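Each chain, letter by letter, is given below.
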Amino acid sequence: MKKKWVKKIDLGDVDQRILFGQGGSFLRMIESQFDAKIIARGDNVIIQGDEKEINQLEALFNALLTHLRKNNELSEKYLLYAISLVKEEEEGSPDNLQVSSLVTSIFTKEVIQPRTVGQKEYVQAMEEYDMVFSIGPAGTGKTYLAVAKAVAALKSKEVSRLVLVRPAVEAGESLGFLPGDIRAKVDPYLRPVYDALHDMLSADKIRRLMELGIIEIVPLAFMRGRTLNHAYVILDEAQNTTVAQMKMFLTRLGVNSRAVITGDITQIDLTDKKASGLVQIQKILSGIEGIEFVYLTEKDVVRHKLVQDIIRAYERFESEQ
């Protein structure tokens, strides 16, 4: 028979209504993920269970208390992430995600910052390396954080312009069948980049900067023959570049420039998935100083909590085929 352990955690002066959720919803969520018995009594939480779960729950409550004291709020998204981290005994703590400030959302007025340990490593890599590859599933903040870092670099005058690049039309960049001029043809494919940008700068500011050439949002095919100096360059959806296109893009980097390349190698739209430039580049550039590869997982998803479950379900399905 396993020995039962008991641990008392002092909650101090935190608002227990926030900690435990409306009507105790957060507490019930925690209880559903562990076999241990959790009792809220006065200013304490008493945990009864086996040693492993006692340690996990102690780490969880300490993280939640630290987060609550720092931010005076606790979201369901953060709670689920913190639970997943302690249950899988990942290195790092969910309450230690602070890095230097990026930019502030013009809508929520909140500072845009990492919300998972993987995202923190990603942002730190962008600070330390001139070229960063971010590979991971949808919803992990690959593009959003890259754009935030680029806007912050522009505001602090580390660079003099932003160049945001995407393959237009997943595999072939065949734009002729679309109506309108070239801007009208490519804009739909660059919309995710626009969306991220509009969360950080006003529409008037973006329009002025684009007219001045300080911000460029262009399809990958338009990068050939260029040299980009003093620029922050982002290549999004890089899984849909060929090996030749990837080489062409990477060799555009000029003096005092930085590049971030993002993509999801589980969503390649090329006919020959093995021909993806993002897949091949992991072998080609392995070990080169000044280049960093960051791998995000479903644990770094910051969209609706169902997105994590959907990604896991697809992974199970694909592994069974």
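Rules behind the numbers
Residues numbered from 1 in each chain as written. Predicted model: local features only at pLDDT ≥ 70, side-chain atom pairs only at ≥ 80, totals over all residues. Heavy atoms only, no water. Patch = residues over 30% accessible without salt bridge, like charges linked within 9 Å, V, L, I, M, F, W, Y side chains within 5 Å. Areas by Shrake-Rupley, 256 points an atom, 1.4 Å probe, with all protein chains shown as cover. Salt bridge = Lys/Arg side-chain N within 4 Å of Asp/Glu carboxyl O. Lys, Arg positive; Asp, Glu negative; His and termini not counted. Charge placed at Lys NZ, Arg CZ, Asp CG, Glu CD. Helix = DSSP H or I, 4+ residues; strand = E, 2+ residues; numbered from the N terminus. Buried < 20%, exposed > 50% of the residue type's maximum accessible area, 1.4 Å probe, protein only. Pairing = 2+ DSSP bridges. Axes fitted to C-alpha atoms, helices over the stretch in contact; angles between N-to-C directions. Contact = heavy atoms within 4.5 Å. Expected span 1.5 Å × (residues − 1). Polar contact = N/O pair within 3.5 Å; in protein donor to acceptor, adjacent residues only side chain to side chain. Right-handed = clockwise from strand over helix to strand, strands pointing away. Arc of directions from axis to C-beta. Phe/Tyr/Trp six-rings, centres within 6.5 Å; stacked < 30°, edge-to-face > 60°.

Draft legend 1. Structural context of a positive patch on the surface. Together, K155, K157, K205 and R208 line one region of the surface with positive charge. Mapped onto the elements, R208 comes out in helix 8 (residues 203–211). R208 sits in the partly exposed class, given a relative accessible area of 45%.

Draft legend 2. Structural detail: the sheet that holds strand 1 (residues 5–10). One open sheet accounts for 3 strands, arranged 1-3-2; its pairing is antiparallel. The sheet terminates laterally at strand 1 and strand 2 (37–41), the two strands that pair on one side only. On average, each strand axis in the sheet is inclined to that of its neighbour by 20 degrees, with strand direction left out of account. Where strand 1 and strand 3 (residues 44–49) come together, 6 bridges link them in antiparallel fashion. Counted as the bridge partner of I9 is V45 from strand 3. Helix 3 (residues 51–71) contacts strand 1, strand 2 and strand 3 of the sheet and is inclined by roughly 5 degrees relative to strand 1.

Draft legend 3. Molecular detail of helix 3. A rise of 1.5 Å per residue sets the reference length of helix 3, with its 21 residues, at 30 Å; its end C-alpha atoms lie 30 Å apart and thus fit the reference within 8%. Of all the positions in helix 3, only E53, I54, Q56, L57, L60, F61, A63, L64, L65, H67 and L68 are classed as buried. Buried residues along helix 3 sit against strand 1, helix 1 (16–20), helix 2 (25–33), strand 2, strand 3 and helix 4 (76–87). Among the residues of helix 3, the N-terminal cap falls to D50, whose side-chain oxygen and the backbone nitrogen of K52 are separated by 3.2 Å.

Draft legend 4. Seen up close, the pairing of strand 8 (residues 258–263). Within strand 8, 6 of the 6 residues are buried, leaving the element largely enclosed by the surrounding structure. Of the two faces of strand 8, the one holding R258, V260 and T262 and the one holding A259, I261 and G263 are both buried throughout. Chirality of the crossover, the property in question, places the unit of strand 7 (residues 231–235), helix 9 (residues 243–250) and strand 8 among those that are right-handed.

Draft legend 5. Looking closely at helix 10 (residues 277–284). Residues of helix 10 that are buried include every one of G277, L278 and I281, and no others. Down the axis of helix 10, the buried side of the element spans an arc of 90 degrees, and every buried residue falls inside it. On the buried face of helix 10, the contacting elements are strand 4 (131–135), helix 9, strand 8 and strand 9 (291–295). The opening residue of helix 10 is S276, an N-cap whose side-chain oxygen sits 3.3 Å from the backbone nitrogen of L278.

Draft legend 6. Structural context of the packing of aromatic side chains. Following the criterion strictly, the structure yields 2 aromatic pairs and no others. With a centroid separation of 6.5 Å and 15 degrees between ring planes, the pair formed by F293 and Y295 is classed as stacked. An aromatic cluster is present here, built from F133, F293 and Y295 joined pairwise through their rings.

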